[in-house]
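Here's the letter readout for the chains.
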Amino acid sequence: MTAHDPSPAPPAPHTGAGLAVAVHDLTVAYRDKPVLWDVDLEVPPGLLLAVVGPNGAGKSTLLKAILGLVPTAAGQVLIHGEPLARARDRVGYVPQRGSVDWDFPTSALDVVTMGTYRRLGWVRRPGRREREAALSALERVGMAAFADRQISQLSGGQQQRVFLARALVQDTDVTFMDEPFQGVDALTERAIVELLKDLRARGRTVVVVHHDLQTVPDYFDWVTLLNVRRIASGPVAEVFTEENLRLTYGGRVGFLERKADPTPAPGGRDDPTTSHFGRIRP
Amino acid sequence: MSWDAVAAFWSDYTLRTVAAGAAVIGATAGVLGVFAQLRRQSLLGDAVSHAALPGIALVFLLTGSKAPAALVAGAAATGWLGALCVTGIVRSSRVPADSALGLVLSVFFGAGLMLLTWIQRRPDASQAGLDRFLFGQAATLLAADVATMAVLGGGAVLVLVLLWKEFKLLSFDPAYAALLGLPVRRLDILLTGLMVAAVVAGLQAVGVVLMSAMLVAPAAAARQWTDRLAPMAALAAVFGAAAGAGGAVASSLSARTPTGPAIVLAATVLVLVSLVLAPRRGLLAGVWRRWRRRRDLRLHAVLLDLHALAGQHGEPTAAPHAAAVLRAMAAGGSVRRSLRELEGRGWAAAAGGDQWTITAAGRAEAGRFLAARSAAGSAGRTRRDDAPGRDPAHRRRDRRRLRPGGHVPGAAAHGHDERRHQPLDPAGHRRGLPGGRGPRLAVAGPGRGGHRRADRRAGRGAAPHPPGQGGRGHRAGLPGAVQPGRDPAGATGGLGPPRHRRRAAGRAGLRPLRPLRPRRDRPGPARAVAGGRRAAAGRRRAGLFFKELKLATFDAGLAATLGFSPALIHYGLMSLVSVTAVASFDAVGLVLVVALMVGPPAAAHLLTDRLPRLLGLAALMGAASAIGGYWLARWLDVSIAGAMAATVGAVFLAALLLAPQRGLVAAARRRAAQRLEFALAMLAIHLSQHECGPEAADECRPDRIHLHLHWETGFAERVLRAAEQRRLLRREGGLVRLEEAGRALARGALTR
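From a predicted model like this one, the values you see are computed outputs, not experimental measurements.

Chemist: For this particular structure, what's the right way to read the overall build of chain A?
Modeler: Secondary structure summary: chain A contains 11 helices and 10 strands in total. Scored against the burial criterion, the 282 residues of chain A give a buried share of 59%. A separation threshold of at least 6 residues defines the contact pool for chain A, and within that pool the share at least 24 residues apart is 71%. Summed over all atoms, the accessible surface of chain A reaches about 11,100 Å², with 51% contributed by carbon and sulfur.

Chemist: Help me understand the sheet that holds strand 3 (residues 355-358) of chain B in this model?
Modeler: Neighbouring strands of a sheet are bound in pairs by backbone hydrogen bonds; such pairs are parallel or else antiparallel. Residues and elements named next belong to chain B. Pairing in this open sheet of 3 strands is antiparallel, and the strands run 1-3-2 from one edge to the other. If you trace the sheet from one side to the other, it starts and ends with strand 1 (321-322) and strand 2 (348-350), each paired once. Looking at chain direction, strand 2 and strand 3 are connected through 3 bridges and run antiparallel. Note on strand 3: the bridge partner recorded for Ala 350 is Trp 356. Packing against the sheet, helix 16 (residues 335-344) makes contact with strand 2 and strand 3, and its axis sits at approximately 110° to strand 2.

Chemist: How do you make sense of the side chain of Asp 173 of chain B when you look at a structure like this?
Modeler: Relative to the assigned elements, Asp 173 of chain B resides in the loop between helix 8 (164-172) and helix 9 (174-179). On the accessibility criterion, Asp 173 of chain B (2% relative accessible area) is buried.

Chemist: Would you mind showing me how to read the nonpolar core here?
Modeler: Nonpolar side chains tend toward joint burial in soluble globular proteins. By size, the foremost hydrophobic cluster in this structure holds 186 residues, and its most contacted members are Ile 79 and Phe 176 of chain A. Beyond its immediate sequence surroundings of up to four residues, Ile 79 of chain A is in contact with Ala 20, Val 21, Ile 66, Leu 84, Ala 87, Val 91, Val 174 and Phe 176 of chain A. Formed by 28 residues, the second largest nonpolar core is a distinct cluster that contains Val 228 of chain A together with Ala 684, Ile 705 and Ala 746 of chain B.

Chemist: It is not clear to me how the sheet that holds strand 1 (residues 21-30) of chain A should be interpreted in this structure. Could you clarify?
Modeler: Taken in spatial order, the 4 strands line up as 2-1-4-5 (chain A) in an open sheet, and their pairing is antiparallel. Only two strands of the sheet have a single neighbouring strand rather than two, namely strand 2 (33-43) and strand 5 (82-83) of chain A. Pairing analysis gives 2 bridges linking strand 4 (residues 74-79) of chain A to strand 5 of chain A, with the strands arranged antiparallel. Bridge pairing in strand 5 of chain A places Leu 78 of chain A opposite Pro 83 of chain A. Sheet strands in contact with helix 32 (residues 664-690) of chain B are strand 1, strand 2 and strand 4 of chain A, and its direction is about 35° off that of strand 2 of chain A.

Chemist: Would you mind showing me how to read the interface of chain B and chain A here?
Modeler: When the parts of a complex come together, some accessible area is lost, and that lost area is often taken as the interface size. On the chain A side, the residues contacting the 51 residues of chain B number 64 residues. Summed over both sides, the interface between chain B and chain A buries roughly 5,200 Å², with carbon and sulfur atoms accounting for 59% of that surface. Taken together, the links from chain B to chain A amount to 4 salt bridges. Between Asp 173 of chain B and Arg 166 of chain A there is a salt bridge whose closest N-O contact spans 3.0 Å. Counting the contacts that link chain B with chain A gives 14 residue pairs in polar contact (both at pLDDT 80 or more). Secondary-structure elements contributing two or more residues to the side of chain B that touches chain A are helix 7 (143-162), helix 8, helix 9, helix 12 (229-253), helix 32, helix 34 (705-709) and helix 36 (740-750) of chain B. Considering each element in turn, the side of chain B that touches chain A owes the most residues, 7 residues, to helix 8 of chain B.

Chemist: Help me understand the environment of Val 174 of chain A in this model?
Modeler: Among the structural elements, Val 174 of chain A can be located in strand 7 (residues 174-178). Linking Val 174 of chain A and Leu 199 of chain A, residues 25 residues apart in sequence, is a C-alpha distance of 9.7 Å.

Chemist: For this particular structure, what's the right way to read the packing of helix 3 (residues 42-63) of chain B against helix 11 (residues 211-225) of chain B?
Modeler: To describe two helices that pack against each other, one gives the angle between their axes and the distance between the axes. Residues and elements named next belong to chain B. Packing of helix 3 against helix 11 leaves a shortest axis separation of 8 Å and a crossing angle of 165°. With respect to each other, helix 3 and helix 11 are oriented roughly antiparallel. Our pair here, helix 3 against helix 11, has a crossing hand that is right-handed. When helix 3 is examined against helix 11, the residues Ser 42, Gly 45, Asp 46 and Ser 49 are found in contact with a partner set consisting of Met 211, Ser 212, Leu 215 and Val 216. A per-class count over the contact of helix 3 with helix 11 returns 3 nonpolar, 4 polar and 1 charged.

Chemist: Could you clarify how one ought to interpret the pattern of salt bridges in this entry?
Modeler: Between side chains of opposite charge, a pair can form when the charged atoms approach closely. All told, the structure shown has 26 salt bridges over all chains when counted by the stated rule. Note that Arg 118 of chain A and Asp 89 of chain A form a salt bridge whose closest N and O atoms lie 2.6 Å from each other. Residue Arg 118 of chain A is found in helix 4 (residues 117-120), and its partner Asp 89 of chain A is found in the loop between helix 2 (84-87) and strand 6 (91-94); the two are separated by 29 residues along the sequence. Here Arg 118 of chain A falls in the partly exposed class, since its relative accessible area comes to 30%. For Arg 726 of chain B, the salt bridge identified is with Glu 677 of chain B, shortest N-O distance 2.9 Å.

Chemist: So what exactly am I meant to see when it comes to unusual backbone geometry here?
Modeler: The phi torsion of most residues other than glycine is negative, and most of the peptide bonds are trans. Residues and elements named next belong to chain A. Residues other than glycine seldom take positive phi values, yet His 80 does so here, at roughly 45°. As for its position among the elements, His 80 is in the loop between strand 4 and strand 5. What makes His 80 partly exposed here is its relative accessible area of 24%.

Chemist: Can you help me understand the packing of aromatic side chains in this one?
Modeler: Any aromatic ring pair is given by two values, namely how distant the centres are and how the planes are angled relative to each other. Enumeration over the complete set of coordinates arrives at 9 aromatic pairs over all chains. Ring geometry for Phe 104 of chain A and Phe 172 of chain B: centres 5.3 Å apart, planes at 55°, overall tilted. Note that Phe 104 of chain A is positioned in the loop between strand 6 and helix 3 (108-113) and Phe 172 of chain B in helix 8, a pairing that runs across two chains. Judged by centre distance (5.6 Å) and plane angle (20°), the rings of Trp 288 of chain B and Trp 291 of chain B are stacked. One end of the pair is Trp 288 of chain B and the other is Trp 291 of chain B, both in helix 14 (residues 283-313) and 3 residues apart, which spans about a single turn. Its relative accessible area of 48% is what places Trp 288 of chain B among the partly exposed residues. Put simply, the rings of Phe 181, Tyr 219 and Phe 220 of chain A pair up and form one aromatic cluster. Here the basic side chain of Lys 165 of chain B rests over the ring of Tyr 117 of chain A, its NZ or CZ set 5.5 Å away from the ring centre. Sitting above the plane of the Phe 715 of chain B ring, Arg 675 of chain B keeps its charged end 3.9 Å from the centroid.

Chemist: For this particular structure, what's the right way to read the environment of Asp 145 of chain B?
Modeler: Residue and element names in this part refer to chain B. Inspection of the secondary structure assignment puts Asp 145 in helix 7. Residue classification places Asp 145 among the buried residues on the basis of a relative accessible area of 11%. Considering only alpha carbons, one finds Asp 145 and Val 18, 127 residues apart in sequence, at a separation of 9.7 Å.

Chemist: Honestly, a nonpolar patch on the surface in this entry has me stumped. Any pointers?
Modeler: Residues and elements named next belong to chain B. On the surface, Trp 225, Val 269, Leu 272, Val 273, Leu 275, Val 276, Leu 277, Leu 283 and Leu 284 cluster together into a nonpolar patch covering about 780 Å² of accessible area. Elements supplying a minimum of two residues to the nonpolar patch: helix 13 (259-277) and helix 14. Top element by residues in the nonpolar patch is helix 13. It accounts for 6 residues. Looking at where Leu 283 falls in the secondary structure, it is placed in helix 14. On the accessibility criterion, Leu 283 (56% relative accessible area) is exposed.

Thresholds, definitions, all that
Residues numbered from 1 in each chain as written. Chains lettered and ligands numbered in written order. Predicted model: local features only at pLDDT ≥ 70, side-chain atom pairs only at ≥ 80, totals over all residues. Heavy atoms only, no water. Helix = DSSP H or I, 4+ residues; strand = E, 2+ residues; numbered from the N terminus. Buried < 20%, exposed > 50% of the residue type's maximum accessible area, 1.4 Å probe, protein only. Contact = heavy atoms within 4.5 Å. Areas by Shrake-Rupley, 256 points an atom, 1.4 Å probe, with all protein chains shown as cover. Pairing = 2+ DSSP bridges. Axes fitted to C-alpha atoms, helices over the stretch in contact; angles between N-to-C directions. Core = buried A, V, L, I, M, F, W, Y, C linked by side-chain atoms within 4.5 Å. Buried area = accessible area lost by both parts, 1.4 Å probe. Salt bridge = Lys/Arg side-chain N within 4 Å of Asp/Glu carboxyl O. Polar contact = N/O pair within 3.5 Å; in protein donor to acceptor, adjacent residues only side chain to side chain. Parallel < 35°, antiparallel > 145°, perpendicular 65-115°, else oblique. Left-handed = near helix turned anticlockwise from the far one by under 90°. Nonpolar A, V, L, I, M, F, W, Y, C, P; charged D, E, K, R; others polar. Phe/Tyr/Trp six-rings, centres within 6.5 Å; stacked < 30°, edge-to-face > 60°. Lys NZ or Arg CZ within 6 Å of the ring centre and 35° of its normal. Patch = residues over 30% accessible without salt bridge, like charges linked within 9 Å, V, L, I, M, F, W, Y side chains within 5 Å.

Written out as structure tokens, the structure reads:
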């Protein structure tokens with residue numbers, strides 16, 4: 001960070017002006033293990049960014065830290081130039097599929113309607129307008145036919161698409177997705193990719209934690225390589241090099257031979273407890 | 001109930017009041033129980049209600065008042081404290097939630113018992129009636145009490161309804177609720193507070209021991225009937241109210257039935273009925289569904305066989321085939337019955353002499369079935385609308401059931417059906433599926449007795465099918481029966497026998513579990529001795545099966561793979577537990593059993609990681625707290641059970657605070673040290689990145705460092721001083737400069 005603002009006011013260089021997401025010096029530790037060290041990240045608006053790295057690299061944690069879901073030890077996050085507290089209306093989140101109780105007595109439509117809760121404010125209930133918005137979001141992910149189904153009676157891919165629809169209904173400028181492609185069928189994967197491109201066409205920014213290195217150049221514009229520290233970040237064409245990948249994955253990866261990062265069993269999560277024991281490869 | 005009885009009911013003031021009060025309690029607890037259940041906190045209500053007892057006793061001890069409002073306030077205070085203890089223990093230690101619940105429940109309850117017995121020893125008789133809070137005494141309810149309950153419960157439900165959507169989101173997906181900016185922590189506390197209110201409202205009528213049932217039962221019953229939250233809550237309210245009123249009326253009919261237990265019994269009946277009869281989640285519905293699915297599979301297997309036979313002979317509607325042939329092909333079930341049912345559906349027709357043909361409708365059905373299968377196979381899970389999330393397990397089970405037949409069309413109908421389109425070898429219908437062989441055989445081995453059954457069937461099937469030399473061996477599913485050299489399945493299938501042997505070994509190893517049954521023929525020693533012997537025997541057995549126990553508690557899946565039966569070990573453990581429970585039950589009561597079973601192991605687990613040491617420590621601490629509690633009770637002349645439970649609590653608390661590694665004190669000290677280490681590293685990194693640039697004038701000013709690193713001013717100053725002491729940096733000309741040691745630290749931290 002060489003751009004320096006000489007004014008004596010609090011650190012000014014990181015205004016995040018013109019950036020969809022600006023992360024500065026972000027450090028997160030679970031107990032004594034650093035999970036993210038001093039991470040900087042700048043994401044210009046209107047593009048699809050993949051966050052890539054080995055298991056335990058802190059990808060999910062990066063998302064959660066940006067969204068204020070885990071406490072940070074240090075650092076600063078700006079969404080479109082504003083701190084999160086003032087930008088909550090502009091961020092959406094698609095969590096990992098394993099993070100909720102699927103036997104909860106609620107329907108797909110109900111879950112999607114939750115995306116409107118913030119707009120509704122306290123006490124007020126979702127009415128017909130919210131229902132219609134939720135239905136049209138379900139339609140966009142091809143799930144309208146399942147609106148009334150209890151959520152445990154959906155397949156994994158369908159569940160993922162319900163989460164996506166919930167983020168769509170929020171209609172935010174920036175959306176964060178935690179491994180939306182994990183354990184989904186080909187049909188859902190295509191649907192998600194279409195959706196990502198559609199969001200980009202409308203000027204939205206999407207940050208996706210991604211596992212399949214091979215599809216990165218096809219699906220994304222920018223990529224961030226992460227392994228506790230940020231290894232590299234920028235347009236795929238410039239940054240997604242074998243050299244950088246080796247730095248990220250610890251030199252044992254010939255990316256061209258490897259199909260995908262050895263993912264944990266489907267449903268395996270990157271939550272605080274597992275990350276705490278997360279292996280950080282040398 | 002006749003009209004007279006109804007009239008009598010309405011004219012009976014006491015009964016009316018009691019029933020109304022019980023209904024209010026039931027409805028409130030039902031609604032809040034729904035959220036408790038969905039957040040997996042039902043048992044928290046249990047802890048809360050038991051923890052209310054010491055509060056009641058304390059209020060009386062301190063104020064001498066028996067005014068309901070004061071007692072309820074005391075109950076709410078300690079109930080709340082109990083809930084906080086549970087969440088605190090879970091959050092700050094490795095003690096799992098259920099242990100924490102059991103521990104808090106029994107320790108608080110034990111302390112309450114101690115206080116109650118202490119009060120009862122006092123000379124004046126003013127304490128009379130306090131013990132009604134134990135099991136409740138609904139008959140003493142007055143209209144004013146009911147009004148208090150209605151206000152308390154109604155208020156709780158009103159708040160719940162107002163914040164319905166927030167609480168719903170909180171229960172379903174707390175992370176998302178946080179993202180939307182909801183104050184998750186505060187909502188969480190509020191919801192727990194509402195639950196405490198509901199519990200406390202019911203204490204006088206139902207008592208601390210039974211109140212939690214009112215939280216759990218209506219919600220559990222309601223969940224069976226609906227898949228939506230709002231109907232579930234409404235239904236739980238109705239169930240709760242019905243159980244309350246019904247229990248009250250029932251207890252009025254018989255003079256000796258106390259109200260509290262009657263209410264809980266009524267709620268239990270509702271749960272049982274719901275468990276059995278509910279339309280979709282009920283047991284009967286499940287049995288019916290399984291039966292239908294099995295019948296469909298059976299029918300389609302035979303239908304597909306007929307279809308294949310017809311196709312193979314190349315006739316539009318095939319010549320009739322003998323039922324015996326179909327029987328030879330079938331995987332199981334009565335073929336003749338299936339054929340008759342197929343006939344009933346118009347898919348097959350009898351041609352006399354036990355010969356059968358497939359009809360046009362049957363062919364259409366078979367085609368539709370096959371098409372649906374292959375579509376499902378190619379499009380993955382999503383295309384199958386009828387494949388709900390939970391179903392794969394069922395399907396797997398069904399498939400396994402058919403597997404033993406390995407290669408007979410029953411299995412073919414299950415996913416490998418595309419291959420059924422291949423022309424079959426005229427010599428044998430089980431031929432011609434070479435690709436499918438390997439994986440199927442592989443599963444046939446571990447499948448229940450696959451070999452033996454397939455064997456037998458081969459013997460049976462061979463007779464009606466003379467040409468099948470190849471077919472016969474193949475159908476037998478025995479590795480190496482056909483082309484032993486080339487059979488790709490030989491290797492996998494060959495696993496079978498050793499697996500069986502291993503299993504048998506596992507079983508044999510577990511046989512000594514049998515003498516677990518308490519022996520009644522022992523020459524009558526004193527009870528305590530018998531108890532001690534039984535407990536000792538339990539321990540001895542735990543020693544005998546140490547390895548198995550360890551494995552089963554650690555990883556049930558692995559244990560199963562290795563040939564131990566986790567279910568068997570589990571039940572062994574359960575019976576160990578029950579023997580122990582019986583041995584000590586009559587001596588010290590139920591509460592103490594829970595405390596002694598949960599407390600010492602939980603405390604020991606804070607002190608060590610190794611299983612043998614853990615068992616030893618737990619036994620030691622259990623004995624120590626039992627003896628200590630006994631002396632305490634003697635000394636104070638209070639309830640022995642209560643004193644022992646309280647001692648267990650004290651021992652656990654000591655372990656929680658002072659354990660050398662995991663204790664809260666040690667953890668706090670470690671965290672402070674780590675925070676400093678961490679801050680030093682961050683400071684070093686920060687300085688090393690900025691000290692050479694033009695921005696150093698700002699980034700390295702000691703009075704501005706806290707701004708850059710987002711620290712508190714005081715903390716930044718402390719870190720700087722610590723860094724100076726360790727010679728990581730020096731102050732120079734109003735700026736901070738890194739020393740070589742600091743630079744090394746930064747490098748080390750970055751390359752870690």
